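Descriptive analysis of the structure
Residue strings, one per chain:
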Amino acid sequence: MDDEATIAPGHGAMTGGMPPGRSRGRLADEVYDTLLGQLMSLRIEPGSRVTIDVLARELGVSQTPIRDALNRMEAEGLVVRVPHAGYRIPPQITRRRFEDMLEVRLLLEPAAARRSAERATSEQVAGLQRMLEEMAELEGGTGLVAYGAFGLRDAAFHDLIALSAENQVIREALARLHAHVHLFRLLHDTQVTHLAMAEHEEVLAAIAARDPDAAAYAMRRHILLSGERFRRLFDEVKDADGMPVKA
């Protein structure tokens, strides 16, 4: 079919199959990461179909880790199972979904940043700094792959803040949103990465300074500004009659 997704050569294919000693769970994790990266970079396009046998051939692995990875992605809302037809990548998020997701992030992430400032270990603070350094390198990259990789590191940065907050419920709730996957699929704009970097630095500075109020404020400000950057995409979309598209 014309809309069936394929993995771009040289961007995620795991040639050579399953090396000796690699566990099924580890391989499934690698397949998951590969597919998530392809989703983030739009090499697997919204609305396209993916099948286990095609992915197994293209990634050079058996169908078992492909199935495990897709089952995990289905549980997280990243793919939708289609009876007798494999899986399909969901369309881009709607305006309503975007606003709901933003509201949840505003409730949870400032609280996580506050607790991180109180509870993060020195190793976790150092880990956040390393992530920002990695993101700074990716910021200078070009193309969708670099942009998608930045989005994944962005998500990892927020996840480590939630981990260091020592509240597993908040961390799990944020992980299920996959906010960064959905947002970075909406827009490819290097200005987004540049602005996000500066805001992340403010969040990290407050956490490192052990200032809970400043950390919560910086995180809330970051999410609000990020919301404004992506919200304009919905505001700009018009239907053929010039009326806003219903979302």
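Below is a short write-up of the structure. On a predicted model such as this, the values are computed, not experimentally measured, just so you know.

Before going further, it helps to examine the overall build of the protein. Scanning the protein from N- to C-terminus turns up 10 helices and 3 strands. In sequence order, the protein lays out its α and β elements as α-β-α-α-β-β-α-α-α-α-α-α-α. In the protein, which comprises 247 residues, the share counted as buried stands at 44%. If you take every contact in the protein between residues at least 6 apart in sequence, the share linking residues at least 24 apart comes to 77%. Of the roughly 12,500 Å² of accessible surface on the protein, 53% is carried by carbon and sulfur atoms.

This part is about helix α7 (residues 168-177). Of all the residues in α7, the buried ones are Ile170, Leu174 and Leu177. The arc that holds the buried residues of α7, viewed along the axis, is 50 degrees, so those residues lie on one side. Every exposed residue of α7 that faces more than 90 degrees away from the buried side is listed here: Val169 and Arg176. Put simply, Asn167 is the residue that caps the front of α7, since its side-chain oxygen is 3.1 Å from the backbone nitrogen of Val169. Phi turns positive one or two residues past the end of α7, at His178, with a value near 45 degrees.

To continue, consider the sheet that holds strand β3 (residues 86-88). Here we have 3 strands laid out as an open sheet, ordered β1-β3-β2, and antiparallel in their pairing. Two strands bound the open sheet, and with one partner strand each, they are β1 (49-50) and β2 (80-82). As defined by bridge partners, β2 adjoins β3 across 3 bridges and the pair is classed as antiparallel. From the neighbouring strand, Val82 faces β3, where its bridge partner is Gly86. Lying over the sheet, helix α3 (residues 63-75) contacts β1, β2 and β3, oriented at roughly 40 degrees with respect to β3.

This part is about the environment of Met219. On the secondary structure map, Met219 appears in helix α10 (residues 212-236). Residue classification places Met219 among the buried residues on the basis of a relative accessible area of 0%. In the structure, Met219 is positioned 108 residues away from Ala111 in sequence and 8.9 Å away in space, judged by C-alpha atoms.

To continue, consider α3. Here α3 is 13 residues long and its end C-alpha atoms lie 18 Å apart, about the 18 Å a rise of 1.5 Å per residue gives. The set of residues buried in α3 consists of Pro65, Ile66, Ala69, Leu70 and Met73. Buried residues of α3 fall within an arc of 130 degrees about the axis and therefore sit on the same side. Following α3 by one or two positions, Gly77 adopts a phi angle in the positive range, close to 80 degrees.

Let us now look at the nonpolar core. Among the nonpolar cores identified, the biggest contains 65 residues, and Ile66, Leu70, Met73, Phe157, Ile161 and Ile207 are the most heavily contacted of them. Examining the composition of this core, we find that 8 residues originate from one element, helix α4 (residues 95-119), more than from any other. In contact with Ile161, other than residues within four places in its own chain, are Ala112, Ala113, Ser116, Leu128, Val203, Ile207 and Met219.

Scoring rules and cut-offs
Residues numbered from 1 in each chain as written. Predicted model: local features only at pLDDT ≥ 70, side-chain atom pairs only at ≥ 80, totals over all residues. Heavy atoms only, no water. Helix = DSSP H or I, 4+ residues; strand = E, 2+ residues; numbered from the N terminus. Buried < 20%, exposed > 50% of the residue type's maximum accessible area, 1.4 Å probe, protein only. Contact = heavy atoms within 4.5 Å. Areas by Shrake-Rupley, 256 points an atom, 1.4 Å probe, with all protein chains shown as cover. Arc of directions from axis to C-beta. Polar contact = N/O pair within 3.5 Å; in protein donor to acceptor, adjacent residues only side chain to side chain. Pairing = 2+ DSSP bridges. Axes fitted to C-alpha atoms, helices over the stretch in contact; angles between N-to-C directions. Expected span 1.5 Å × (residues − 1). Core = buried A, V, L, I, M, F, W, Y, C linked by side-chain atoms within 4.5 Å.

All quantities given are derived from atomic positions and should not be read as evidence of function.
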